[in-house]
Amino acid sequence: MADAQITLTYSRNIGVVAIATGKHYESAEKVLGATGFRRGEAGTYHVSDADEAAAKKALARLVQRAQASGIEVTASSRRFIGDAARDIARLLPGQWNTQVEIYAHPVWQEDLLPYLWDNGDLAHAVRTARIPYAATLTNQATATILLLAERPGHRLGYLVGALAPAAFGEVDGDPHAPRSIIVGPFPGPAAQAITERYLPAYERAVHERRTTMVAETLGLIQSELGAQHEPRTATGGEGALPEQSRQGAWAGGAFLDRAWREFLTVVDHAPVLLDRCRPAASAWPQDAEALDQLAAALLAAEQVRDDLTRGVPLSRADHHQRTWPVIAPWLTHSDSFLRQARAAAPSPPPAPTLPAPPPRALPADRPAHRL
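Each value, and the rule that gives it
- Residues numbered from 1 in each chain as written.
- Predicted model: local features only at pLDDT ≥ 70, side-chain atom pairs only at ≥ 80, totals over all residues.
- Heavy atoms only, no water.
- Pairing = 2+ DSSP bridges.
- Helix = DSSP H or I, 4+ residues; strand = E, 2+ residues; numbered from the N terminus.
- Axes fitted to C-alpha atoms, helices over the stretch in contact; angles between N-to-C directions.
- Salt bridge = Lys/Arg side-chain N within 4 Å of Asp/Glu carboxyl O.
- Buried < 20%, exposed > 50% of the residue type's maximum accessible area, 1.4 Å probe, protein only.
- Parallel < 35°, antiparallel > 145°, perpendicular 65-115°, else oblique.
- Contact = heavy atoms within 4.5 Å.

Novice: Outline the sheet that holds strand β7 (residues 133-139), supporting the account with residue identities and numerical values.
Specialist: Spatially, the five strands line up as an open sheet ordered β6-β7-β8-β9-β10, and their pairing is antiparallel. On the outer flanks of this sheet lie β6 (97-102) and β10 (181-183), each paired with one strand and no other. Averaged over all pairs of adjacent strands, the angle between strand axes in this sheet comes to 30°, irrespective of strand direction. Relative to strand β8 (residues 144-150), β7 runs antiparallel, the two being bridged by five bridges. Looking across to β8, one finds that Thr138 is bridged to Ile145.

Here you go:
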């Protein structure tokens, strides 16, 4: 494969679209600019087909100049991926925005991997095949970002997966990730498959990942607390500072500093989980009071974080006095929260139902059985 390539495709809105890729993609871009192509969306180039004769001349000049420069030019059998993404987005529930992404240099494609949240064909393709461009479909209301890519090695069809929510950080190899799906070239069936199969699986995966992150964080804080030589709780009710912390036994409150930093994971992910919990409809309706306490603690924690973000003066002692009372209830009621969160997980998407086979016709020479 040449070190610079130009892929030509067609958009019903803007005409012929050219995408420059390869290690020396800049040389391909220069040729495009010199032959009448205009730079457009996300680094693509295009020439309008409104004047058919002018468009043909531009294409002829492009092919001639590219051949002279050792640049490979190919015509895609697919329509422009930006059009495909927009057509699908219009049929999905909610409001979705689309954006074309060009991974012109091969190493740019590798930048996807830490944030591609997938355990299926899409992640495998990004690791093993060349995917020079894709499109994102973003729902701001749900913070969902889908990735649409052409299926490598096939003339038709797309792979649909997701990028991780921003709060998840890097997710390469995450066992909770959903599996991407394969959709056909027609927007109606593709949108239906995404709506009925992929999005429910994605939402369940997000819920499970958030629950796991909260559980691991609370477990870590609890284990660190238990390692502090059987710390006692000062009198004064639930949430009082550990007695040994007041005596300076924990390296001047180092434990409480670490606990707060770790607890921010709970602050980030637990509110959405709490909103889903319905203790009255679960097998443990008695958890309702505990969940109310946890919700109140989260509000207090968010206020502390907001104050710190805005630079409100807060001594270390005041910081501990405000943060430990919001952490302690979560350690006390962690079991109640986790069982409610797991019970509130979205239902898995239904398995596709196959149409019943038609009844077998009797052979023409065989009479029907009579009673």
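After that view, the rundown keeps rolling.
Novice: Break down the pattern of salt bridges for me, with residues and values.
Specialist: Using the criterion set out here, one finds 17 salt bridges in the structure. Here Glu41 ties to Arg86 by a salt bridge, and the two come within 3.7 Å at their closest N and O atoms. A residue pair is termed long-range when its members are at least 10 positions apart, and Glu41 in the loop between β3 (38-39) and β4 (45-47) and Arg86 in helix α3 (residues 81-89) qualify at 45 residues. Assessed through its relative accessible area of 27%, Glu41 is described here as partly exposed. Overall, Arg86 belongs to the partly exposed group, its relative accessible area being 24%. Ionic contacts of the salt-bridge type, sharing partners, join the residues Arg12, Arg79, Asp87 and Arg90 into one network.

Novice: So what about the packing of helix α6 (residues 187-226) against helix α11 (residues 334-343)? Which residues, and what values?
Specialist: Between α6 and α11, whose axes approach to 10 Å, the crossing angle comes to 170°. One element, α6, and the other, α11, form an angle in the roughly antiparallel class. On the side of α6, the interface is formed by His207, Thr211, Val214, Ala215 and Leu218, while α11 contributes Ser334, Phe337, Leu338, Ala341 and Arg342.

Novice: Give a description of the side chain of Thr136 that names residues and reports values.
Specialist: Tracing the backbone shows Thr136 in strand β7. Residues in contact with Thr136, not counting those within four places in the same chain, are Asn97, Thr98, Gln99, Glu101, Ile145, Leu146, Leu147 and Leu163.

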